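Chain residues, written in single-letter form:
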Amino acid sequence: MNDEAADLVIVPATESDHAVLFEIYRDVVAAGGAQPAGVKADREVFHEGWIRRRRVYVARVGDTTIGGYFLRTNFPAFAAHIAQGGYLVAESARRRGVGSRLLAHSLEQAARLGYTAMMFNLVQQGNPSRRLYERAGFKIIGTIPNVHGDEPGLIYWRSLESGSKAMVSAMPGE
Ligand SMILES: CC(C)(COP(=O)(O)OP(=O)(O)OC[C@H]1O[C@@H](n2cnc3c(N)ncnc32)[C@H](O)[C@@H]1OP(=O)(O)O)[C@@H](O)C(=O)NCCC(=O)NCCS
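Rules and cut-offs
Residues numbered from 1 in each chain as written. Predicted model: local features only at pLDDT ≥ 70, side-chain atom pairs only at ≥ 80, totals over all residues. Pairing = 2+ DSSP bridges. Helix = DSSP H or I, 4+ residues; strand = E, 2+ residues; numbered from the N terminus. Axes fitted to C-alpha atoms, helices over the stretch in contact; angles between N-to-C directions. Contact = placed C-beta atoms within 7 Å. Right-handed = clockwise from strand over helix to strand, strands pointing away.

With that settled, the discussion passes to the sheet that holds strand E3 (residues 64–75). Judged by pairing direction, the sheet is mixed, and its 7 strands sit side by side in the order E1-E2-E3-E4-E5-E7-E6 without closing on themselves. Only two strands of the sheet have a single partner each, and these edge strands are strand E1 (8–12) and strand E6 (139–148). Strand-to-strand twist across the sheet, computed as the mean angle between neighbouring axes with direction ignored, equals 25 degrees. Note that E6 and strand E7 (residues 151–159) share 6 bridges and pair antiparallel. When the bridges of E7 are listed, His-148 appears paired with Glu-151. Across the sheet, helix H2 (residues 15–30) touches strand E2 (55–61), E3 and strand E4 (79–89), and the angle it forms with E3 is around 85 degrees.

Successive residues of a regular strand alternate their side chains across the two faces of the sheet. Judged from the 8 bridges that link them, E3 and E4 form a sheet pairing that is antiparallel. Note on E4: the bridge partner recorded for Phe-75 is Ala-79. Hairpin remark: E3 followed by E4, antiparallel, with 3 residues in the connecting loop; positive phi at Ala-77, about 75 degrees. Pairing of E4 with strand E5 (residues 117–123) involves 3 bridges; the strand directions are parallel. If you follow Ala-83 over to E5, its bridge partner there is Met-118. Taken together, E4, helix H4 (residues 98–112) and E5 form a β-α-β motif whose crossover is right-handed.

Shown next as structure tokens:
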């Protein structure tokens, strides 16, 4: 863990954090990542995909917000015990353990809230988050064809029950 990750705090997002996350999200979409091609990176899409019916937390170093995550119920009403998360780190702050810290925090929050499993939906084959997920014990449980153009979207799953605490605390930066 480097100094930035050591000074980092993860806290519930404010309205102004939402605006920072939107900027990061827009950069990610412009670079071709994080969601199926052809989806607009406007505020409405961001609100629907990142804010609405979600708990949002951000990573801050001092007063600067450098990333965040959302946590929500993946299947509301019918399988409401399964959570889903999404993660964003500003490009200038990547590859220093911030994403790993956010993932670990989200798994702890999800377990604390009573979710028994966590999923990630429609992950792109080349997405850097895959390494984080796999290191935290997530497995690919399915693929959906033709999500990202001709490429499938990968579905990751992991239980939050027995052993999950040990896996979370074993993650770097914690
Ligand atoms: C995915 C993301 C959140 C990771 O954040 P991060 O702060 O870079 O993550 P970390 O620094 O904790 O990196 C964790 C691991 O992934 C690896 N990694 C990070 N970026 C990578 C990349 N572009 N290519 C390959 N591996 C990468 C790191 O090397 C590290 O592994 P290591 O510690 O074994 O070397 C960040 O890349 C991001 O915001 N991407 C755009 C949005 C996105 O795709 N989000 C996920 C889907 S919602």
